[in-house]
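Single-letter residue listing:
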Amino acid sequence: DYDIYLSVTYFILLELCIILFFFFQAEDGIRDFCLSRGLGDVYKRQVQAQWINDSQLFQLPHFTQELVQRCKNQGIEDLADLMNMEDDDRIKLLQMSEQEIEEVAEACNRYPSVNLEFTVKNGESVESGDVVAISAVLTREGEMSPENVIAPYFPKEKEESWWVVVGDAKSNKLYGIKRVTFNEQSKVEIKFAAPEPGEYELTLYAVCDSYIGCDQGQKLTLKVTPAEEQE
């Protein structure tokens, strides 16, 4: 019981650190954007009890080092590859009992597949200092009412949630972030002040906090012109 208490406390503190880090990122935008994404990756790997270089396939029940290597030998690198196989070929590859295959199938069905779309409400050309409003829509495909995350080594029940992030990977600057939890669809609006005049290649990310390999990203170009002087 004491070990479970320590584990829960550790994960709560880790989650709090990530939230505080993202909060201060959004406030001043000068910390390392890539580091903020790295913290999110560390957290989901803690949820799934994986090392940083572990295969995504270890998120599935009954997957061992030997089985993952067997998958790699046949060009199966992730869950999408596995789910796209013909049923007979997958059964032959897995070499599992019927019950184990059913458990793997359930985990695959609950693995999130999310589509990310967006619009820039005030257009993609704004004046410096104007408020940029990005409206993002996350739509879940397949399973519409997910249960708790499949994470057998996580010390407590875990609800799946997502971070919607706008950033500039080139300058390592974070412009905005929001956290959402949803079943079928969620609409999110992120606002931030347009930077100095210039053309910016930004990325809108949808980052899952619980599963590895399902994050989404969309590029957007933001053209910022000098602010007109007020008479």
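Keep in mind that this is a model prediction, so the values were computed, not measured. (Residues numbered from 1 in each chain as written. Predicted model: local features only at pLDDT ≥ 70, side-chain atom pairs only at ≥ 80, totals over all residues. Heavy atoms only, no water.)

Focus: the pairing of strand β7 (residues 198-208)
Where burial is concerned, most of β7 is hidden: eight out of the 11 residues are buried. Note: strand β4 (residues 162-168) against β7, six bridges, orientation antiparallel. Among the inter-strand pairings, V166 is bridged to a residue of β7, identified as L204. Looking at chain direction, β7 and strand β8 (residues 216-225) are connected through nine bridges and run antiparallel. Note on β8: the bridge partner recorded for Y200 is L222. (Buried < 20%, exposed > 50% of the residue type's maximum accessible area, 1.4 Å probe, protein only. Helix = DSSP H or I, 4+ residues; strand = E, 2+ residues; numbered from the N terminus. Pairing = 2+ DSSP bridges.)

Concerning the environment of I177
Within the element layout of this structure, I177 appears in strand β5 (residues 173-180). With relative accessibility at 16%, the residue I177 sits in the buried group. Between the alpha carbons of I177 and G167 there is a distance of 8.8 Å; along the sequence they are 10 residues apart.

Quick look at helix α6 (residues 98-110)
For α6, spanning 13 residues, the distance from its first C-alpha to its last is 19 Å, which sits close to the expected 18 Å at 1.5 Å a residue. Among the residues making up α6, those that are buried are V104, A107, C108 and R110. Those residues of α6 hidden inside the fold are in contact with α4 (79-83). (Expected span 1.5 Å × (residues − 1). Contact = heavy atoms within 4.5 Å.)

Quick notes on unusual backbone geometry
Residues other than glycine seldom take positive phi values, yet H62 does so here, at roughly 70°. By the secondary structure assignment, H62 is in the loop between α2 (33-47) and α3 (65-73). You will see that N172, though not glycine, has its phi angle at about 55°, which is positive. Along the chain, N172 turns up in the loop between β4 and β5. A relative accessible area of 26% means that N172 is categorised as partly exposed.

Structural notes on the side chain of S135
Mapping S135 onto the fold places it in strand β3 (residues 131-141). When neighbours within four sequence positions are excluded, S135 is seen to be in contact with E117, F118, T119, K121, V188 and E189.

Remarks on the sheet that holds strand β6 (residues 185-193)
Hydrogen bonding along the main chain pairs the strands of a sheet, whether they run parallel or antiparallel. Strand order across the open sheet formed by three strands is β1-β3-β6, with antiparallel pairing between neighbours. Sheet topology places β1 (113-120) and β6 at the edges, where each strand pairs with a single neighbour. Across the sheet, the mean angle from the axis of one strand to that of its neighbour is 20°, orientation sign disregarded. Where β1 lies against β3, eight bridges are found, and the strand directions are antiparallel. Within β3, the residue paired with V120 across the bridge is I134. (Axes fitted to C-alpha atoms, helices over the stretch in contact; angles between N-to-C directions.)

Examining the confidence of the model for the chain
Across the chain, pLDDT averages 83, with 80% of residues at or above 70. Confidence, read as mean pLDDT per element, is least for helix α1 (residues 2-28) in the chain (49) and greatest for α3 (97). Between residues 20-35, whose pLDDT stays under 50, and residues either more than four places distant or in other chains, the model counts 32 contacts. (pLDDT = per-residue confidence, 0-100.)

What to know about the pairing of β8
Regular strands have side chains that alternate between both faces of the sheet. With three bridges connecting them, strand β2 (residues 125-127) and β8 associate as parallel partners. Note on β8: the bridge partner recorded for E127 is T225.

Here we look at the pattern of salt bridges
For the structure shown, the criterion picks out nine salt bridges. D87 is the partner of R90 in a salt bridge, and the nearest nitrogen-oxygen pair spans 2.5 Å. Placement of both R90 and D87 in helix α5 (residues 87-94) is noted, with a separation of three residues, approximately one turn of the helix. On the basis of relative accessible area, R90 is assigned to the buried category, the value being 19%. (Salt bridge = Lys/Arg side-chain N within 4 Å of Asp/Glu carboxyl O.)

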